[in-house]
Structure formats: C-alpha cells, structure tokens
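Geometric and topological summary
Residues per chain are reported as follows:
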Amino acid sequence: MRTPRARPALSLSTHLRLVLLVGLLAPSKQAAGQSPPCPPLDTTAAWARTNRTWSNESGLHWSNDSLRRALLRLGERDQAPRAEFGARVADTLYVRQLMRLDSTLAAEMVLILDRFGLPTRSMVGPAGSDAAMLIIQHSWPLQERVLASAKAIPSDRVLVHQGKPQHFGTQFNAGPDGVFRFAAASDTAGLEARRSAAGMPPMRQYVCLLEEAGMRVDRASLPPAFRP
C-alpha cells in the first residue's frame, strides 16, 4: 500500500466484477478448516487501477436510472442464493433451484434486451452493467446473444462451453465431488498479462479468493506456474 496514506479498499462494484467472472459472489469469509485468509488485494497494481477506473461512478451520469434500479434488483436476486455456492455445488436439489432461478431471471433479461439493448455503462452506470452481466453469464443463450455486443468482456464462459481453451483463466468446472477444476487455457505463459489488462487480479490471488468464498479448488489442475 502507498504511504503515508493508503489507497481505499476495492469498492463493492469492483469486487463484484472480480467474482462475477466465475458466477459467484459469496461472502468473503473463511470456511471451516480452510487455510489462512488471502493476503489483501494490491490496490496499487495495474489490474486494480484498470478495474477501479471502470467501476468508479463518481461524477458519472447514466441515462436510465429506472432500468439501473431494476437491474440491481435482478442482481440481488441472482446472488442471494449463491452465498453458499462453493459448499453446496454438489447438492443436486440446490443446483436445480439455481437453474430454475437462472431461467426466470434470464426471461426477464430477454425483455430488457429486447427493449433497451445491452445495458451499458453510459446507460445504467458500472453497477447496473455489472448486474446485467451477472444474469447474462448464467444463461448460455443470453451469452451468445450479447457476446458480439460486449467484445470488451472476457468470453471465457462461451469458449469453455464450446470446448475451446479459455483466454483469461476465469473458468473452473465443478465435478460431482463438488471440487472445481481449472478449464484448459491457451497461452498460459501470457495469462497474467492478459488478466492484468482486463482488470483482473493475479491468478494465485484469484484462486485464493475463490477458496476463501467456500469453493474447493483442485490446485493440481492449475497450470504449473500457478500451483503451490
């Protein structure tokens, strides 16, 4: 941290952008029997500055505040049952309930897309845009629909769904044992540089945050450079 005065902690909107990439926003708390909490995020790093710039709403004006409020409510509905996602991912009843919720929210998002198009930062602010992406990323048809209009958003989910290597290392596949395993990635040597340019934390920190949120990650599935 910078001295003599430290930078402020990452905003909720920034933290949301970090974790929505894997479809999870769980409370940042240590699970029972887990390793020590993750070290503090380096808010002076290039990735954090990029993320913070995008997420900063100070002085911003968006064109559709009512749509923004509707999207924020959708985002809250999307995230509320995911507080225990990492611990309950092997619970088939829980997963079915999430799938039904995702289907309901996706139907509401279709109406929004039909009427307004993709909710952008200028239309609904960073937080509203983030909330829209939470819903979109949990629906494969919506992902396909908006991908061409959201070129700046990492397309790892779409690539993995298509059986192709991801670019940013955001995606993990959950096994029947509830353990998450890293999905294949292209050019792992350049992975950290791509993540930084997209406003994402280093891979080791990212994995630690997932584990801190309750996900069990098979670290042996990570590229060798990112294993313990």
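Residues numbered from 1 in each chain as written. Predicted model: local features only at pLDDT ≥ 70, side-chain atom pairs only at ≥ 80, totals over all residues. Heavy atoms only, no water.

1. Remarks on the pairing of strand β2 (residues 179-182)
Each regular strand shows side chains that alternate between the opposite faces of the sheet. Relative to β2, strand β1 (residues 172-174) runs antiparallel, the two sharing 3 bridges. Bridge assignment links Asn173 to a residue of β2, and that residue is Arg181. Here β1 folds back onto β2 in antiparallel fashion, the turn holding 4 residues, of which Gly178 has a positive phi close to 80°. Sheet topology places β2 next to strand β3 (residues 216-217); 2 bridges connect them, and they run parallel. Paired with Phe180 across the two strands is Val217, which belongs to β3. (Pairing = 2+ DSSP bridges. Helix = DSSP H or I, 4+ residues; strand = E, 2+ residues; numbered from the N terminus.)

2. Things to note about helix α2 (residues 46-55)
Working note: α-helix, 3.6 residues per turn, so residues spaced by three or four point in the same direction. Along α2, the positions that sit buried rather than exposed are Trp47, Ala48, Asn51 and Ser55. In a view along the axis of α2, the buried residues occupy a sector of 95°, so they form one face of it. (Buried < 20%, exposed > 50% of the residue type's maximum accessible area, 1.4 Å probe, protein only. Arc of directions from axis to C-beta.)

3. Overview of unusual backbone geometry
Phi is positive for Asp187, which is not a glycine, with a value near 45°. With respect to the helices, strands and loops of the structure, Asp187 is situated in the loop between β2 and α9 (191-197).

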